[in-house]
Amino acid sequence: MVLNIDRKYKCSIQYKHRKADNYGLKLLPDDKDSHNTARRHPDSFLFGPVRHPATRALSALYYFEFREDKYGKNPVIEDDLVMSKLSSHSMVMPSPGAMGFTYWFLNPFLQTYSSHGLNEISLIYETYLQVQRIIQQYDFLYVYDRVEESLVVFATITNLELEDIIITILSKAKKSGSYEIRHWGSQKGKCFYMNSPNMTPRLQSYFALTKKQRSSEVKEQQWLIQNYGDYLLYESANKSLDKTWDHLSQELGFDMSGRLKKLKKLVHIMLQKLDESNDEVCTSFWGPAGVGCNNDGELNTSYNNTESCFKEDYGCGYKCYEHILDSLDDEIKMW
């Protein structure tokens with residue numbers, strides 16, 4: 001989505017997957033209160049995704065640890081091994097409060113118990129304050145599990161048209177159960193298969209997905225205890241999305257439900273058009289070789305990311321989508 005906005009509107013953007021405080025967007029402290037901060041770039045718009053802590057961590061574990069070159073394609077992983085890796089792997093290991101929401105820090109946060117001599121109550125309170133600051137400091141946090149609603153709100157508050165966000169939904173996404181081009185490590189430049197996470201009943205209990213599933217065993221309470229910051233941020237982002245939706249609808253007069261229906265209708269029309277299309281513009285991207293990696297894990301030798309994608313293998317096939325959008329009436333593709 002960010003790359004598409006940059007391509008169409010020539011904005012200065014940051015999109016790489018790294019911690020927010022590494023983007024040069026550090027906040028300037030207010031003289032009266034070190035926690036009240038002013039943005040260094042006042043005309044910037046800060047936004048990013050928030051995902052359910054359990055599914056985020058499990059996906060990261062299968063992507064970085066239980067990957068094809070180490071465990072084979074579609075491996076059967078024992079629950080005990082998954083739980084062990086969840087508490088030790090560098091990409092999902094919980095820090096005090098959470099691992100996931102540390103990516104959104106724009107001002108310093110206490111990283112360890114020992115170095116600051118905090119007791120658990122103090123750290124819980126500091127985590128609560130940090131989540132509050134994140135909600136206040138960002139212009140928008142979209143909820144990964146509610147992507148359509150989030151995109152409608154995002155487009156409304158940024159004055160983007162429906163056709164600006166439709167490509168985000170349709171573009172060839174990187175997802176488990178398919179191949180993508182590896183951009184790091186010894187397998188860089190090769191196709192690799194992204195194994196799908198398996199959320200077993202025992203892992204559901206471990207992640208405490210519902211109150212009924214919460215175990216009395218200390219081992220299976222540990223995840224929720226260690227990741228309370230992530231859960232607090234996730235719930236806060238959901239409530240913020242609901243409140244923003246209501247504000248836009250009830251106080252500013254936008255037909256948010258109508259916009260959501262229009263988005264879903266356009267997705268349906270676009271998918272139907274793609275199935276029917278034999279146009280050269282589309283077949284050049286969606287021919288037998290596919291874009292990037294095909295379904296057999298082979299790299300398309302004619303693949304040219306500068307022509308097919310926004311950047312690298314992000315947003316591949318967008319020219320085909322835009323070609324179909326151009327053929328539709330404005331009434332269909334605009335709010």
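Structure: see above.
Remember, it's a predicted structure, so these values are computed and weren't measured experimentally.

Caption draft 1: The arrangement of the nonpolar core in detail. I166 and M270 are the most contacted members of the largest nonpolar core, which totals 44 residues. Only α1 (2–9), α5 (120–137), β4 (140–143), α6 (147–158), α7 (162–170), α10 (228–251), α11 (256–276) and α14 (318–326) provide two or more residues apiece to this core. Among the elements that line this core, the one with the most residues is α11, at seven residues. A54, I77, M83 and W223 belong to the second-largest nonpolar core, a separate cluster that totals 15 residues.

Caption draft 2: Expanded view of the packing of aromatic side chains. Enumeration according to the criterion identifies 11 aromatic pairs in this entry. Note on F45 and F47: the rings are 5.9 Å apart at their centroids and 55 degrees apart in plane angle, and the pair reads as tilted. Taking 4.5 Å as the distance between ring centres and 40 degrees as the angle between the ring planes, the aromatic pair formed by F47 and F154 counts as tilted. Residue F47 is located in strand β3 (residues 47–50), and its partner F154 is located in helix α6; the two are separated by 107 residues in the primary sequence. The exposure class assigned to F154 is buried, which follows from its relative accessible area of 2%. An aromatic cluster is defined as three or more aromatic residues linked by ring pairs; in this entry it consists of F45, F47, F140 and F154. Sitting over the face of the ring of Y193, K73 holds its NZ or CZ atom 4.5 Å from the ring centroid.

Rules used throughout
Residues numbered from 1 in each chain as written. Predicted model: local features only at pLDDT ≥ 70, side-chain atom pairs only at ≥ 80, totals over all residues. Heavy atoms only, no water. Core = buried A, V, L, I, M, F, W, Y, C linked by side-chain atoms within 4.5 Å. Buried < 20%, exposed > 50% of the residue type's maximum accessible area, 1.4 Å probe, protein only. Helix = DSSP H or I, 4+ residues; strand = E, 2+ residues; numbered from the N terminus. Phe/Tyr/Trp six-rings, centres within 6.5 Å; stacked < 30°, edge-to-face > 60°. Lys NZ or Arg CZ within 6 Å of the ring centre and 35° of its normal.

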